[in-house]
Each structure stands twice: as structure tokens, then as C-alpha cells.
Amino acid sequence: MAKLSQEDLLAQFDEMTLIELSEFVKAFEERFDVTAAAAAPVVVAGGAAGGDAAAVEEQDEFDVILTGAGEKKIQVIKVVRELTSLGLKEAKDLVDGTPKPVLEKVAKDVAEKAAESLKAAGAAVEVK
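No experiment lies behind these values; they were computed from the predicted model shown.

> Mind showing me how you'd approach the pairing of strand β1 (residues 62-68) here?
Regular strands place side chains that alternate from one sheet face to the opposite one. Along β1, five of the seven residues are buried, which leaves the element largely enclosed by surrounding structure. In this sheet, strand β2 (residues 100-106) lies alongside β1 in antiparallel orientation, the contact comprising four bridges. Paired with Val64 across the two strands is Leu103, which belongs to β2. Note: β1 against strand β3 (residues 124-127), four bridges, orientation antiparallel.

Okay, structure coming up:
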């Protein structure tokens, strides 16, 4: 088997859904006995001349929460299925049971794209 370049691997990952990518990471961790943990950011607190300065960690994991399906419920169900790879019944149950998280602990850009897609379909969305 030919060795894949980093660009080839990234191209393959671009085509995967978040669920498929999550399953790949779990399989990778099991096979190579490693953990894919994000590096903890180093927080340096400095004192200001007149008061206390507290370092605030930047949030790097976001949840996309569906708060309402809107008038185009079928379109919202289709978008939920695309984002999560859920079956029709599961996606419909998620949309019917709002407010519910569609994606949890995802990167900011992924959360923003998902929220845009859901809003375009007519859903009410909240990113936390």
C-alpha cells in the first residue's frame, strides 16, 4: 500500500462527517494506545498598576443548541441529519424535542458553520 501524504489524509478527513471523524479518533486511540487530548493553554496572570487582572481562558469547545424548528421543520431535519449523520427518526425526534444540542464540544468554526446552516433552514439556534 502506498504511503499517503499529510495533504491526502487531510483531504480524506475533509470528506468525513463529525461522527465519522470522532469514530476514527477513537479507533486511532485504541490501536496506538494514545489519547488525543488538546494541549492545555498556558495562562499568565499579570498585575495591573491600579488593580487585579484576572486571566480569562478563551473557550475552545462550543455546543450548538437547536432552540426551535421554525416553519420549515422538514428542512431543519435535513440539515440536522447532514450535521450529525442521524437517521430520519432520530433527527425528527431531536427537532421535535427542542431545545436540544445538535453538536457538542466542537470547534468554534464548526459550531458557527452548523449554526449558519440551521438558521438558513429556518431554525432558531444558540451557540454556547
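Read on, since the account is not over.
> Sorry, what's going on with the packing of helix α3 (residues 73-84) against helix α5 (residues 108-120) here?
To characterise two packed helices, one gives the angle between the axes of the helices and the distance between these axes. For the pair α3 and α5, the least separation of the axes is 8 Å and the interaxial angle reads 160°. The angle between the axes of α3 and α5 places the two elements in the roughly antiparallel class. The handedness of the crossing between α3 and α5 is right-handed. Along the contact surface, α3 presents Val76, Val79, Val80 and Leu83, while α5 presents Ala114, Ser117 and Leu118. In terms of residue class, the contact of α3 with α5 is built from six nonpolar, one polar and no charged.

> I would appreciate a short explanation of the sheet that holds β3 in the present structure.
In any sheet, the strands associate via hydrogen bonds between backbone groups, in a parallel or an antiparallel arrangement. Strand order in the open sheet formed by three strands is β2-β1-β3, with antiparallel pairing between adjacent strands. What marks the edges here is a single partner per strand, and that holds for β2 and β3. For this sheet, the mean inter-axis angle between neighbouring strands, taken without regard to orientation, is 20°.

> Would you mind showing me how to read the nonpolar core here?
The tendency in soluble globular proteins is for nonpolar side chains to be buried as a group. Counting residues in hydrophobic clusters, the biggest one holds 22 residues, and the most contacted among them are Leu66, Val76 and Leu118. Contact partners of Val76, with chain neighbours within four places excluded, come to Leu66, Ala69, Val95, Leu118, Ala121, Gly122 and Ala123.

> Just checking my understanding: could you explain helix α2 (residues 18-32) for this structure?
For an α-helix the count is 3.6 residues per turn, leaving residues at separations of three or four pointing the same way. With 15 residues, α2 ought to run about 21 Å at 1.5 Å a step, and its terminal C-alpha atoms sit 21 Å apart, in line with that. Note on α2: the residue one or two positions beyond its end, Asp33, has a positive phi of about 50°.

> I keep staring at a nonpolar patch on the surface and nothing clicks. Help me out?
A contiguous nonpolar surface patch, about 420 Å² in accessible area, is contributed by Phe24, Val25, Phe28, Phe32 and Val34. With respect to the element layout, Phe32 can be found in helix α2. Under the relative-accessibility criterion, Phe32 is labelled partly exposed at 49%.

What counts, and at which threshold
- Residues numbered from 1 in each chain as written.
- Predicted model: local features only at pLDDT ≥ 70, side-chain atom pairs only at ≥ 80, totals over all residues.
- Heavy atoms only, no water.
- Buried < 20%, exposed > 50% of the residue type's maximum accessible area, 1.4 Å probe, protein only.
- Helix = DSSP H or I, 4+ residues; strand = E, 2+ residues; numbered from the N terminus.
- Pairing = 2+ DSSP bridges.
- Axes fitted to C-alpha atoms, helices over the stretch in contact; angles between N-to-C directions.
- Parallel < 35°, antiparallel > 145°, perpendicular 65-115°, else oblique.
- Left-handed = near helix turned anticlockwise from the far one by under 90°.
- Contact = heavy atoms within 4.5 Å.
- Nonpolar A, V, L, I, M, F, W, Y, C, P; charged D, E, K, R; others polar.
- Core = buried A, V, L, I, M, F, W, Y, C linked by side-chain atoms within 4.5 Å.
- Expected span 1.5 Å × (residues − 1).
- Patch = residues over 30% accessible without salt bridge, like charges linked within 9 Å, V, L, I, M, F, W, Y side chains within 5 Å.
- Areas by Shrake-Rupley, 256 points an atom, 1.4 Å probe, with all protein chains shown as cover.
- Salt bridge = Lys/Arg side-chain N within 4 Å of Asp/Glu carboxyl O.

Remember that the coordinates give geometry; whether it matters functionally is a separate question.
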